[in-house]
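Fold and contact review
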Amino acid sequence: MWGHPYYITHKDDGCSGTFFINAGEFGVCSRRIHLKESEGNGFWRMARKYDLANILMKEFGDEAWAIQGEVCGPGIQDNHVGLTELELHVFNLFDIKARSYANYNKLVEFCKKYNLVRVTDIIGEGAAFGFNIEELVKLASEQKYPNGCPAEGIVIRPQEGFTSTVLKKWWSGKVLNPLFDIERKKK
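The model shown is predicted, which means the values in this text are computed figures rather than measured ones.

Let's talk about the environment of lysine 169
Relative to the helices and strands, lysine 169 is located in the loop between β9 (153-158) and β10 (173-176). Excluding anything up to four places from it in sequence, lysine 169 contacts Phe162, Thr163 and Ser164.

Quick look at a positive patch on the surface
Taken together, the side chains of Arg31, Arg32, Lys169 and Lys174 make up a positively charged region of the molecular surface. Among the secondary structure elements, arginine 31 is positioned in the loop between β3 (25-29) and β4 (34-35). Residue classification places arginine 31 among the exposed positions, given a relative accessible area of 61%.

Section: unusual backbone geometry
In terms of backbone geometry, most residues other than glycine have negative phi values and most peptide bonds are trans. Of note, the phi angle at alanine 23 is positive, near 55°, even though the residue is not glycine. Its location among the elements puts alanine 23 in the loop between β2 (15-22) and β3. Not every positive phi belongs to a glycine, and aspartate 51 is a case in point at roughly 55°. Residue position: aspartate 51 is located in the loop between α1 (42-49) and α2 (52-60).

Rules behind the numbers
- Residues numbered from 1 in each chain as written.
- Predicted model: local features only at pLDDT ≥ 70, side-chain atom pairs only at ≥ 80, totals over all residues.
- Heavy atoms only, no water.
- Helix = DSSP H or I, 4+ residues; strand = E, 2+ residues; numbered from the N terminus.
- Contact = heavy atoms within 4.5 Å.
- Patch = residues over 30% accessible without salt bridge, like charges linked within 9 Å, V, L, I, M, F, W, Y side chains within 5 Å.
- Areas by Shrake-Rupley, 256 points an atom, 1.4 Å probe, with all protein chains shown as cover.
- Salt bridge = Lys/Arg side-chain N within 4 Å of Asp/Glu carboxyl O.
- Lys, Arg positive; Asp, Glu negative; His and termini not counted.
- Charge placed at Lys NZ, Arg CZ, Asp CG, Glu CD.
- Buried < 20%, exposed > 50% of the residue type's maximum accessible area, 1.4 Å probe, protein only.

Have a look at this one:
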């Protein structure tokens, strides 16, 4: 990541979900499971709330794309984010066939176009990543959600995605906030 254009966001404390269109079929997945449609399922509630099937069809038609995001709010991970209702915080737009993520600008434009909540505040961005571990841990430790609760941490992503030669996958990194675990253990 050193020297690459980057952006840093909060790591929202919730449950990761994927909403996809592939050959005209819409689907919803939790972190590891393709979910059948159900009225009470939080991921399907997010799909309906944000009209994700129609958004994906309108934007991509017969192509294969996915929205990835964190479902946050009441009933999810003790709701550290402090929301009054469930929200989907989008963090990736994924081209399934090409096996690649949309760049930062395309993600931002897509979320604005369809009034989707993008990941929480950008807490840093720049033309050349140059942080060391101590600086990243300090930055993660300073983060709070709007309700004053310590944030779970930070996520670092390149503005133009690339495959890591070390990880053998698309690069992104997380740094957990040590204060988050302390606060969570109090509850």
